[in-house]
Amino acid sequence: MQRAWVEVDLDAVVHNATSIQRRSGKPLLPMVKADAYGMGAIEVCRALEPLDPWAFGIAALAEAAELRAAGIARRILVFTPLLPSDFPEARRLSVTPTLGTADAIRSWIDSGGGAWHLGVDTGMHRAGVEWWRVGELAALAAESPPEGAFTHFHSADTNDASLEEQQMRFRLSLEQLGARPRILHAENSPAVERQTPSPWDVVRPGVFLYGVGGGRGSRLDPAPVAHLRARVVEIHEVNGGESVSYGATWRAPGKRRVATLAIGYADGYRRLFSSLGQVILRGRRAPVVGRVTMDMTMIDVTGISCEVGDVATLLGRAGDDHLDINQMCDAVDLLPYELLVGLKLRAPRVYVRGGSIAAAE
Ligand SMILES: *Cc1c(COP(=O)(O)O)cnc(C)c1O
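Residues numbered from 1 in each chain as written. Predicted model: local features only at pLDDT ≥ 70, side-chain atom pairs only at ≥ 80, totals over all residues. Heavy atoms only, no water.

Peer 1: Report on the overall build of the protein, specifying residues and quantitative values.
Peer 2: Of the regular secondary structure elements, the protein holds 11 helices and 19 strands. Projected onto the principal axes, the alpha-carbon positions of the protein cover approximately 75 × 40 × 40 Å. Considering the protein as a whole, with its 361 residues, one finds that 54% of them fall into the buried category. Look at the contacts in the protein between residues 6 or more apart in sequence, and 64% of them connect residues 24 or more apart. Taken as a whole, the protein presents about 15700 Å² of accessible surface, with 51% of it coming from carbon and sulfur. Of the side chains in the protein, 39 bear a positive and 42 a negative charge, and the two mean positions are spaced by 2 Å. (Helix = DSSP H or I, 4+ residues; strand = E, 2+ residues; numbered from the N terminus. Buried < 20%, exposed > 50% of the residue type's maximum accessible area, 1.4 Å probe, protein only. Contact = heavy atoms within 4.5 Å. Areas by Shrake-Rupley, 256 points an atom, 1.4 Å probe, with all protein chains shown as cover. Lys, Arg positive; Asp, Glu negative; His and termini not counted. Charge placed at Lys NZ, Arg CZ, Asp CG, Glu CD.)

Quick look at the structure:
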């Protein structure tokens, strides 16, 4: 019997992708890096194939190798700069690199060329050519015209003015290039939530596909994708004044019934939830008490008639109740992206379609 697992609702991923596509009015370039934010890149790509995405976005060649081996034949863009020594492997995997320096573009052309996208830095200062220096690459771009060009927003989730300024810089940078690349792209999930329709050619949603976003007056609300479950493995009576877990940070205020769940931070249930998290068990909320440990987490089940073997929900839906990832993370000052990515640590993923379990990994 599984001790702890992540249910990944692929129908919800498709639903979220469809609503992004509608709102932007443009084809998708779904970001499936980091194993699709911990949800499983192969399964997510297969689920999204029927939407005919323009390409998939990743960060590392190993991710492309995995997708190619699984038979995903669609265009793949890699968004973290590759080193020239990786170019032969990129070509072998039919991966489109994003390039942002004269040296990298020169090496790409000299080692055989092929489709590439120009990365333009409009304020993030992470990767890509500075927007005001794009003209310096015009000759190289004329020699091997990029299929596309893109930029990335640093504060699309919090700041409209910076988004506008970055888009203006992107437009100005493109004027220095001579010919307009065929495919221009810029928007991550929060940017798509903000502007409709998209002013660019494809959109690059990531986290929204996996159930994070909406709120704060957004007209798009993602369906939850990740549901984290674990079993009750022991139940104890704890006397008033006794402590629970490492560091004795929590003490029972009176006689308490405490259940031990077979899940811990090695499964991605973060230590930040120590004495702050909540769990759904038998339709009731039970608080986490004491520190989350590597393999086990304790909850106060006083007054809840639960038994060993019961399934508790630590994230996502259970019956009519819902532990929303955005709210959960806000409460402990954790980035929802980090919570999702951590879920691939040890807990196996179980895939759900049409409300039923489709395949276990
Ligand atoms: C990760 C990433 C995205 C997606 O961002 P979200 O905030 O998850 O939607 C888009 N573009 C690039 C270049 C990225 O690295």
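What follows continues from the structure just given.
Peer 1: Outline helix H3 (residues 41-48), supporting the account with residue identities and numerical values.
Peer 2: Where burial is concerned, most of H3 is hidden: six out of the eight residues are buried. Taken as a whole, H3 has its buried residues at Ala-41, Ile-42, Val-44, Cys-45, Ala-47 and Leu-48. Against helix H1 (10-24), helix H2 (33-37), strand S2 (56-58), helix H4 (61-69) and strand S18 (349-353) lie the buried residues of H3.

Peer 1: Tell me about the pairing of S18, and please be specific about residues and values.
Peer 2: Within S18, four of the five residues are buried, which leaves the element mostly enclosed by the surrounding structure. When strand S1 (residues 4-9) meets S18, the two strands line up parallel, connected through four bridges. By the bridge assignment, Val-8 is partnered in S18 with Tyr-351. (Pairing = 2+ DSSP bridges.)

Peer 1: Residue-level account of the layout of surface pockets, with values.
Peer 2: Looking at the second largest pocket, its volume works out to about 160 Å³. Along its surface, the second largest pocket is lined by 13 residues, and Gln-278, Leu-323, Gln-327, Met-328 and Ala-331 are the ones closest to its centre. Elements with a minimum of two residues in the lining of the second largest pocket: strand S17 (321-323) and helix H10 (325-332). Here the lining of the second largest pocket takes four residues from H10, the largest share from any one element. In terms of residue class, the lining of the second largest pocket is built from seven nonpolar, four polar and two charged. (1 Å grid on protein atoms, 1.4 Å probe; cavity = no way out; pocket = protein on both sides within 12 Å on 5 of 7 lines; lining within 4 Å. Points joined across faces, edges and corners; volume = space filled by probe spheres on them. Nonpolar A, V, L, I, M, F, W, Y, C, P; charged D, E, K, R; others polar.)

Peer 1: So, the site of the ligand: which residues are in play, and what are the values?
Peer 2: Close contacts around the ligand come from 14 residues, with Lys-33, Tyr-37, Ser-189, Val-207 and Tyr-337 the closest. The contact in question runs from a nitrogen atom of the ligand to an N or O atom on the side chain of Arg-204, over 2.8 Å. Interatomic distance of 2.6 Å between a side-chain N/O atom of Tyr-337 and an oxygen atom of the ligand. Here the ligand loses 92% of its free accessible area of 390 Å² to cover by the protein chains. Elements represented by at least two residues in the shell around the ligand include exactly H2 and helix H9 (189-194). Looking at side-chain class alone, the shell around the ligand contains seven nonpolar, four polar and three charged residues. (Near = heavy atom within 4 Å. Polar contact = N/O pair within 3.5 Å; in protein donor to acceptor, adjacent residues only side chain to side chain.)

Peer 1: Residue-level account of the pairing of strand S9 (residues 226-238), with values.
Peer 2: Sheet analysis places S1 next to S9, joined by five bridges and oriented antiparallel. Bridging from a neighbouring strand, Glu-7 pairs with His-227 of S9. Where S9 meets strand S12 (residues 256-261), six bridges bridge the pair, whose relative direction is antiparallel. Across the sheet, the residue bridging to Val-232 is Leu-261, located in S12.

Peer 1: So what's going on with helix H8 (residues 160-175)? Which residues, and what values?
Peer 2: A rise of 1.5 Å per residue sets the reference length of H8, with its 16 residues, at 22 Å; its end C-alpha atoms lie 23 Å apart and thus fit the reference within 8%. Every buried residue belonging to H8 is among Ser-162, Leu-163, Gln-166, Gln-167, Phe-170, Ser-173 and Leu-174, and all of these are buried. Burial along H8 is one-sided: seen end-on, the buried residues are contained in an arc of 135°. Projecting away from the buried face of H8 at angles above 90 degrees are the exposed residues Ala-161 and Glu-175. (Expected span 1.5 Å × (residues − 1). Arc of directions from axis to C-beta.)

Peer 1: Talk me through the nonpolar core; I want residue IDs and the actual numbers.
Peer 2: Within the largest apolar cluster, 110 residues are counted, with the highest numbers of intra-cluster contacts made by Leu-118 and Leu-340. Summarising the domain contributions, this core has at least three residues from each of domain 1 (55-201) and domain 2 (226-360). Filtering out sequence-adjacent residues up to four positions away, Leu-340 remains in contact with Tyr-37, Gly-38, Met-39, Val-207, Tyr-210, Val-212, Ala-226 and Ile-325. In this structure, Val-244, Trp-250, Val-258 and Met-298 belong to the second largest nonpolar core, which totals seven residues. (Core = buried A, V, L, I, M, F, W, Y, C linked by side-chain atoms within 4.5 Å. Domains from an automatic or database assignment.)

Peer 1: Account for the pattern of salt bridges, naming residues and giving values.
Peer 2: For the structure on display, the rule yields 21 salt bridges. Residue Arg-256 is joined to Asp-300 by a salt bridge in which the shortest nitrogen-to-oxygen separation is 2.8 Å. On the criterion of sequence distance, the pair formed by Arg-256 in strand S12 and Asp-300 in strand S15 (residues 297-300) is long-range, its members being 44 residues apart. Taking the relative accessible area as the measure of exposure, Asp-300 reaches 11% and is therefore buried. (Salt bridge = Lys/Arg side-chain N within 4 Å of Asp/Glu carboxyl O.)

Coordinates in, geometry out; function isn't part of it.
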